[in-house]
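# Architecture and fold: a report
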Amino acid sequence: MTSTEAPRGEAATTHRPPVVPRSGSARPAAPRIPVQKRRPAQIPVAVYAEDVILQTGVVQQLRQRPEVELLSEDEAGRAEVSLLVVDALTEAVAENLRRLRLATSGRIGLVVGQFEAGGLQTIVECGVAAVLRRSEADQDRLVHLVTALANGEGVMPGDLLGELLDRIGMLQRTMLDGRGLTLSTLTARETEMLRLVAEGFDTSEIAAKTSYSERTVKNVLHEIITRLRLRNRAHAVGYAMRRGLI
């Protein structure tokens, strides 16, 4: 047996010297590890409602969106956003909002069917940071509401936002004049609308003259009557004229 022959029963093995890269040659590239894209963090949301039908409608819309993590009743304590879905803002609903405010550290949104202008103070006192009317509560608006709340923002329908700004302006004026808060103070918008009522214009005519919707005109006049504890529009006009407000 020569030195080049393998022993019987053993496989012949060819030994090759290791390949040494030449000076200046590139090293073999390291294997590429695929990078997994991180999914954006979902917003934990708890949905409450007066009945199953109202709750199911909102839940079904939010369930289809990847931005939202819908929580079960047992998980509701870790919600960043809590949504209450109701037909109208009643005293019972206001009480539920107060309890919800105490029970959660997240922010509260209200999806409501009917909302009277006089309820703005109630929802602010109950810690509601965003309001959406159910007639406008499609999937995109619901997600916008949830995202805004999670980002520390507020959402209000245009007419409610206008009323809120009026209230802030009124509060500013009454504080600056040193007389304290008074129920007899009217905002510029309220004064204008009462003056038009006094001149005999109806709701549609006032809306056309002031460039507000008829619903806003009704809400503003209802707020005046409610806040000043009056009976109707005529009573409000007489009250304002006697005090020199219009």
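Everything numeric in this text was worked out from a predicted model, so none of it was measured.

## Some thoughts on the overall build of the protein chain
If you tally the helices and strands in the protein chain, you get 9 helices and 5 strands. In the protein chain, the order of α-helices and β-strands from amino to carboxyl end is β-α-β-β-α-β-α-β-α-α-α-α-α-α. Per-residue burial for the protein chain yields a buried fraction of 36% across its 246 residues. Intrachain contacts of the protein chain at a sequence separation of at least 6 include 63% that bridge at least 24 residues. Accessible surface, the protein chain: about 16000 Å² in total, of which carbon and sulfur atoms supply 52%.

## Quick word on the packing of aromatic side chains
Applying the stated criterion across every chain yields a total of 0 aromatic pairs. Above the ring of Tyr 212, the side-chain terminus of Arg 189 is found at 4.9 Å from the ring centroid.

## Considering unusual backbone geometry
Phi at Ser 211 takes a positive value of approximately 65 degrees, unusual for a residue other than glycine. Secondary-structure assignment places Ser 211 in the loop between α7 (203-210) and α8 (214-227). For Ser 211, a relative accessible area of 67% translates into the label exposed. Backbone geometry at Arg 229 places phi at a positive 55 degrees, although glycine is not the residue there. You can see Arg 229 is positioned in the loop between α8 and α9 (233-242). Since its relative accessible area comes to 73%, Arg 229 is described here as exposed.

## Looking at the environment of Leu 83
Along the chain, the position of Leu 83 falls in strand β3 (residues 81-88). Note: C-alpha distance between Leu 83 and Val 45 (38 residues apart in sequence) is 7.5 Å. Once residues lying within four places of it in the same chain are set aside, the contact partners of Leu 83 are Val 45, Ala 46, Val 47, Tyr 48, Val 58, Leu 62, Gly 109, Leu 145, Val 146 and Leu 149.

## Re the pairing of β3
In the case of a regular strand, side chains alternate between the two sheet surfaces. Most of β3 is tucked away: 6 of the 8 residues are buried. Examined bridge by bridge, strand β1 (residues 43-49) and β3 share 5 bridges and lie parallel to one another. Note on β3: the bridge partner recorded for Ala 49 is Val 85. For the handedness criterion, the β-α-β arrangement of β3, helix α2 (residues 91-103) and strand β4 (residues 107-114) is classed as right-handed.

Conventions and cut-offs
Residues numbered from 1 in each chain as written. Predicted model: local features only at pLDDT ≥ 70, side-chain atom pairs only at ≥ 80, totals over all residues. Heavy atoms only, no water. Helix = DSSP H or I, 4+ residues; strand = E, 2+ residues; numbered from the N terminus. Buried < 20%, exposed > 50% of the residue type's maximum accessible area, 1.4 Å probe, protein only. Contact = heavy atoms within 4.5 Å. Areas by Shrake-Rupley, 256 points an atom, 1.4 Å probe, with all protein chains shown as cover. Phe/Tyr/Trp six-rings, centres within 6.5 Å; stacked < 30°, edge-to-face > 60°. Lys NZ or Arg CZ within 6 Å of the ring centre and 35° of its normal. Pairing = 2+ DSSP bridges. Right-handed = clockwise from strand over helix to strand, strands pointing away.

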